[in-house]
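# Reading the structure
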Amino acid sequence: MKTTTIKITVFLFAFISMTVTFGQTATDYLNLAKPILFDKMVYKLTWSAHPTDNYFKQEYISTSDNPEKFKRLLTFDVLIGNQELKDIVTKKVEELKDLKQTDPIINYRVLEKGNEIMLDFVLGGYSADGKSLNIIERNVYRYTLLNKNTLKGILLFAVSDRAYGNEIDDFLSDLKNNQLDLLNAVTAFHIPEITVSK
């Protein structure tokens, strides 16, 4: 069993580093029950967390991807309670503004569609001395309200695409030419029925 340090995007506020053990059995707190089909690829549950009574997180990677250096990560976050979508997104945007002071590659845009809000952003991961860009990550977040039976709160469905080292230039070129592809795929994705198991 190997451990690796990866950057996890926390639902509301911060980007943090967390040591995750791959190969452990992840708990399906959200009862999605089966692999996720997204953009013609199958993704399996790789990691999950239930750090507080009202917060659940599940992460998925492709069955053909390398968990130690993944190219695409799918995330489902659920926050139970009475929150406003715009307040959550505003806090995330303020966080990105703060990070941009030390990460000039950060760029973002906010899109609203009906009762959902999309946040599309790019950020980088740098060497310890801050001189080399080692990772580039493009994220599309889709926030929606949960209001079914006793489950009320906010759902975040997120897709994160990564490139590493000498792949970064090609990644940025492809992003420039095809930036709407991922945004459209996230928008069109049918979010499975979610129930919560504690």
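Chains are numbered independently. Their residues run from 1 in the order of the written sequence. Owing to the predicted nature of the model, reporting of local features is limited to residues with pLDDT of at least 70; listing and counting of side-chain atom pairs is limited to 80 or more, with chain, interface and lining totals taken over all residues. Where side-chain values are given, they derive from all heavy atoms of the structure, hydrogens and water being excluded.

### Considerations on a negative patch on the surface
Think of a patch as exposed residues, more than 30% relative accessible area, with no salt bridge, where like charges cluster within 9 Å and nonpolar side chains (Val, Leu, Ile, Met, Phe, Trp, Tyr) cluster within 5 Å. Only the protein chains shown count as covering a residue, and every accessible area follows the Shrake-Rupley method with a 1.4 Å probe. By salt bridge we mean one thing: a side-chain nitrogen of Lys or Arg within 4 Å of a carboxyl oxygen of Asp or Glu. Counted as positive: Lys and Arg. Counted as negative: Asp and Glu, with His and the chain ends omitted from the count. Taken as the charge location is NZ of Lys, CZ of Arg, CG of Asp or CD of Glu. A grouping of Asp169, Asp170, Asp174 and Asp181 is seen on the molecular surface, where their side chains present a negatively charged patch. Note on conventions: DSSP H or I runs of at least 4 residues are helices, E runs of at least 2 residues are strands, and numbering of each starts at the N terminus. Within the secondary structure layout, Asp169 lies in helix H2 (residues 168–188). Here's how the labels work: a residue is buried when its accessible area is under 20% of the maximum for its type, exposed when over 50%, partly exposed in between, all with a 1.4 Å probe on protein chains only. Residue classification places Asp169 among the exposed positions, given a relative accessible area of 60%.

### Let's talk about the packing of aromatic side chains
Here a Phe, Tyr or Trp ring, Trp counted by its six-membered ring, pairs with any other such ring whose centre lies within 6.5 Å, and the pair is stacked when the planes are under 30 degrees apart, edge-to-face when over 60, and tilted otherwise. A complete count under the given rule lists 10 aromatic pairs for this structure. Ring plane angle 55 degrees and centroid distance 6.0 Å describe the contact between Tyr29 and Phe56, whose orientation is recorded as tilted. Of the two residues, Tyr29 is situated in the loop between strand S2 (15–21) and strand S3 (36–38) and Phe56 in strand S5 (residues 55–62); the sequence distance between them amounts to 27 residues. Of the two residues, Tyr29 and Phe56, neither departs from the other in class, the shared state being buried. Note on Phe121 and Tyr141: the rings are 5.0 Å apart at their centroids and 80 degrees apart in plane angle, and the pair reads as edge-to-face. Of this pair, Phe121 sits in strand S8 (residues 116–126) while Tyr141 sits in strand S9 (residues 133–148); the two residues are 20 residues apart in sequence, bridging distant segments of the chain.

### Section: the confidence of the model for the chain
Counting all residues, the mean pLDDT for the chain is 86, and 87% of those residues have values of 70 or more. Contacts from residues 1–21, a stretch scored under 50 in pLDDT, to residues over four places away or in other chains number 70 contacts. pLDDT expresses, on a scale from 0 to 100, how confident the predictor is about each individual residue. What makes two residues a contact is simply this: any of their non-hydrogen atoms within 4.5 Å.

### Focus: the pattern of salt bridges
Throughout the structure, instances matching the rule amount to 10 salt bridges. Here Arg109 makes a salt bridge to Asp120, at a shortest N to O gap of 3.2 Å. Separated by 11 residues along the polypeptide, Arg109 in strand S7 (residues 107–113) and Asp120 in strand S8 bring together distant segments of the chain. Classification of Arg109 as partly exposed rests on a relative accessible area of 29%. Relative accessible area serves as the criterion here: at 7%, Asp120 is assigned to the buried category. In this structure, Glu137 and Arg162 form a salt bridge, with 2.6 Å as the shortest nitrogen-oxygen distance. Here Glu137 is found in strand S9, whereas its partner Arg162 is found in strand S10 (residues 151–164), with 25 residues between them in sequence. Across the pair, exposure class does not vary: Glu137 and Arg162 are buried alike. One network of salt bridges, with partners in common, ties together Asp39, Arg72 and Asp161.

### Thoughts on the side chain of Thr144
Among the structural elements, Thr144 can be located in strand S9. A distance of 3.4 Å separates the side chain of Thr144 from the side chain of Glu116, its partner in a polar contact. Each residue touching Thr144, except ones within four places of it in the same chain, is listed here: Leu85, Asn115, Glu116, Gly153, Ile154, Leu155 and Ile191. Definition of a polar contact: a pair of N or O atoms within 3.5 Å, with one able to donate and the other able to accept a hydrogen when the atoms are protein atoms, and with sequence-neighbouring residues admitted only if both atoms are side-chain atoms.

### Looking at unusual backbone geometry
Working note: non-glycine residues mostly have negative phi, and peptide bonds are mostly trans. The phi torsion at Asp39 lies on the positive side, around 50 degrees, for a residue other than glycine. Along the chain, Asp39 turns up in the loop between S3 and strand S4 (41–52). With a phi close to 70 degrees, Lys40 is a non-glycine residue in the positive phi region. Looking at the secondary structure, you find Lys40 in the loop between S3 and S4.

### Describing the side chain of Ser127
Topologically, Ser127 is positioned in the loop between S8 and S9. Overall, the relative accessible area of 18% leaves Ser127 in the buried class. A polar side-chain atom of Ser127 sits 3.5 Å from the main-chain amide nitrogen of Lys131. Contact partners of Ser127, with chain neighbours within four places excluded, come to Ser132 and Asn134.

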